[in-house]
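# Inside the fold
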Amino acid sequence: MTEQQTELRETVRTRYAQAARTVTAGGVAEDCCGTDPIAVDQTFGASLYGAADRDQLPIQAAAASLGCGNPTAVAELRAGERVLDLGSGGGIDVLLSARRVGPTGKAYGLDMTEEMLALALANSAEAGVRNVEFLKGNIEAIPLPANTIDVVISNCVINLSVDKPAVFAEMARVLTAGGRIGIADVVADDELTPPERAERGDYVGCIAGALSFTEYRDHLTTAGFTDIEITATHAVAEGMHSAIIKATKPSAEMIGSEEPADACCAPGCCPPETSTAGTPSDSY
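Residue positions are given per chain, counted from 1 along the sequence in the order it is written. Predicted model: local features are reported for residues with pLDDT of at least 70 only, side-chain atom pairs are reported and counted for 80 or more only, and whole-chain, interface and lining totals are derived from all residues. As a convention, hydrogens and water are excluded, and side-chain values are obtained from all of the structure's heavy atoms.

## Concerning the overall build of the protein chain
Counting from the N terminus, the helices are the DSSP runs of H or I reaching at least four residues and the strands are the DSSP runs of E reaching at least two. When you go through the protein chain residue by residue, the secondary structure sums to 9 helices and 8 strands. We call a residue buried when its accessible area falls under 20% of the maximum for its residue type, exposed when it is over 50%, and partly exposed in between, using a 1.4 Å probe and counting protein chains only. Within the span of the protein chain, comprising 284 residues, buried residues form 50% of the whole. Contact definition: two residues touch when any of their heavy atoms are within 4.5 Å. Contacts in the protein chain between residues at least 24 apart in sequence constitute 73% of all its contacts with a sequence separation of at least 6. Carbon and sulfur atoms provide 54% of the accessible area of the protein chain, an area that totals close to 13300 Å². Here the accessible surface of atoms and residues is derived via Shrake-Rupley with a 1.4 Å probe, and residues count as covered only by protein chains that are part of the display.

## Focus on the packing of helix α6 (residues 164–174) against helix α8 (residues 213–222)
Lines fitted to the C-alpha atoms define the axes, with helices restricted to the stretch that makes contact. Angles between their N-to-C directions range from 0 to 180 degrees. Following both chains from N to C, one finds α6 and α8 inclined at 45°, their axes separated by 9 Å at the closest point. Compared by their axis directions, α6 and α8 come out oblique. Considering how the two elements wind past one another, α6 and α8 form a crossing that is right-handed. Side by side, α6 and α8 meet where Pro165, Phe168 and Met171 of the first sit next to Tyr216, His219 and Leu220 of the second. Taken together, the residues that form the contact of α6 with α8 break down as 5 nonpolar, 1 polar and no charged. Any angle that is under 35 degrees is reported as roughly parallel, and any over 145 degrees as roughly antiparallel; angles of 65 to 115 degrees are reported as roughly perpendicular and all others as oblique. Working rule for handedness: look at the near helix, and if it is turned counterclockwise from the far one by less than a right angle, call the crossing left-handed; if clockwise, right-handed. Nonpolar residues are Ala, Val, Leu, Ile, Met, Phe, Trp, Tyr, Cys and Pro. Charged residues are Asp, Glu, Lys and Arg, and all others, Gly as well, are polar.

## Notes on the packing of aromatic side chains
The pairing test for Phe, Tyr and Trp rings, Trp by its six-membered ring, is centres within 6.5 Å, and the orientation test on the planes gives stacked under 30 degrees, edge-to-face over 60, and tilted for anything in between. For the structure shown, the criterion picks out 1 aromatic pair. Considering the side-chain rings of Phe168 and Tyr216, the 5.4 Å spacing of their centres and the 65° angle between planes classify their relative orientation as edge-to-face. One end of the pair, Phe168, is in helix α6; the other, Tyr216, is in helix α8, and 48 residues separate them in sequence. On the basis of relative accessibility, which here comes to 1%, the residue Phe168 falls in the buried class.

## Considering unusual backbone geometry
Unusually for a residue other than glycine, Cys156 sits at a positive phi of about 60°. As for its position among the elements, Cys156 is in the loop between β4 (149–155) and α6. Given the relative accessible area of 3%, Cys156 is considered buried. Even without being a glycine, Asp227 presents a positive backbone phi close to 50°. Looking at the secondary structure, you find Asp227 in strand β7 (residues 226–237). A relative accessible area of 42% places Asp227 in the partly exposed class.

## Some details on the environment of Leu110
Tracing the sequence through the fold places Leu110 in strand β2 (residues 106–111). Leu110 gets classed as buried once you look at its relative accessible area, which sits at 0%. Between the alpha carbons of Leu110 and Ser88 there is a distance of 5.5 Å; along the sequence they are 22 residues apart. Ignoring sequence-local partners within four residues, the contact set of Leu110 consists of Leu84, Asp85, Leu86, Gly87, Ser88, Leu135, Lys136, Gly137, Asn138, Ile139, Ile142 and Pro143.

## Digging into the nonpolar core
Side-chain atoms within 4.5 Å link the members of a nonpolar core, which is a set of buried Ala, Val, Leu, Ile, Met, Phe, Trp, Tyr and Cys residues. Core analysis: the biggest nonpolar cluster contains 32 residues, and Leu84, Met171, Ile181, Tyr216 and Phe225 have the highest contact counts within it. Secondary structure elements with two or more residues in this core: β1 (82–86), β2, β4, α6, β5 (175–188), α8, β7 and β8 (240–248). No other element matches the 5 residues that α6 contributes to this core. In this structure, Leu160, Val162, Ile207 and Met240 belong to the second largest nonpolar core, which totals 21 residues.

## Re α6
In terms of burial, α6 is a largely internal element, 8 of the 11 residues being buried. Buried within α6 are the following residues: Lys164, Ala166, Val167, Phe168, Glu170, Met171, Ala172 and Val174. Buried residues along α6 sit against β1, β4, β5, β6 (211–212) and α8.

## Considering the environment of Asn123
Within the element layout of this structure, Asn123 appears in helix α5 (residues 114–127). Classification of Asn123 as buried rests on a relative accessible area of 2%. The sequence separation of Asn123 and Gly90 amounts to 33 residues, and the corresponding C-alpha distance is 7.3 Å.

## Comments concerning α5
One turn of an α-helix holds 3.6 residues; hence residues three or four places apart share an orientation. Between its first and last C-alpha, α5 extends 20 Å over 14 residues, near the 20 Å set by a 1.5 Å rise per residue. Of the residues making up α5, those classed as buried are Met116, Leu117, Leu119, Ala120, Asn123, Ser124 and Ala127. Buried residues of α5, viewed axially, fall in a sector of 160°; they line one side. Residues Ala125 and Glu126 are exposed on α5 and point more than 90 degrees away from its buried face. What a helix is expected to span follows from its residue count: subtract one and scale by 1.5 Å. Working note: the arc is built from the helix axis to C-beta atom directions.

## Section: the pattern of salt bridges
Salt bridges are counted wherever a side-chain nitrogen of Lys or Arg sits within 4 Å of a carboxyl oxygen of Asp or Glu. Enumeration over the complete set of coordinates arrives at 12 salt bridges. Linking Glu10 and Arg13 is a salt bridge whose minimum nitrogen-to-oxygen distance equals 3.0 Å. Taken together, the residues Glu10 and Arg13, both in helix α1 (residues 3–26) and 3 residues apart, mark about one turn of the helix. When its relative accessible area of 26% is taken as the criterion, Arg13 is described as partly exposed. In the salt-bridge network here, residues are joined through shared partners; they are Arg78, Glu81 and Arg180.

The analysis is restricted to geometry; functional conclusions fall outside its scope.
Here's what the structure looks like:
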């Protein structure tokens with residue numbers, strides 16, 4: 001990484017470590033009037049989750065939610081699936097995912113911040129959710145074997161990465177063939193330049209580091225994903241949107257069906273086989 005990238009990552013880590021400490025300190029005493037202590041924000045945070053979701057989790061899990069959407073609501077999780085949440089924070093999406101996949105499934109949370117991991121572990125213990133595991137690491141180098149995850153989710157974290165192509169490549173690596181992603185993230189209008197995005201908000205505020213719609217699609221395509229859908233849900237700044245991103249890692253059958261009919265089959269003339277993260281067909 002460059003010195004600037006290292007500094008940006010440390011700035012992000014420091015900001016979210018402080019957020020975790022704040023939530024942990026504030027969660028010790030309950031409000032005497034029974035009022036929900038979560039500040040309502042219509043563009044970020046716990047208000048983007050339904051009351052039914054918030055009510056089944058510890059208050060600290062919801063209070064630590066700093067995302068821009070609810071990826072578990074659109075990931076269409078099924079019983080028995082293995083789910084990975086990139087940048088899991090206080091664990092709200094991991095805990096909700098764990099309940100959706102049930103005891104035969106498992107939900108992993110990955111975060112680089114010790115304070116957030118400690119908060120997530122405390123929240124999972126309080127919630128009594130056992131089919132979860134929290135991992136320390138960076139989303140650009142996921143500490144899990146290849147082809148072990150059915151669904152990757154993330155909530156307003158990829159925009160914070162200092163190496164976004166590495167994140168998309170890692171998602172493709174850990175997903176099983178036919179696996180999918182369901183991500184909430186901030187996305188910019190195509191006409192906004194990086195300096196114009198920075199004018200609308202800082203990097204740790206999930207604005208300056210956001211990709212445009214075209215950039216997001218191009219990165220996913222390069223990583224090997226197909227069936228890409230990017231749908232804006234609400235505005236977070238002028239020309240900046242919270243969006244739901246869906247895509248699929250091709251299955252072995254899909255890759256095989258993409259070979260041209262007149263492909264060379266004589267000995268020595270065919271190129272080596274490519275991995276499942278190779279160039280996909282155009283799905284648009």
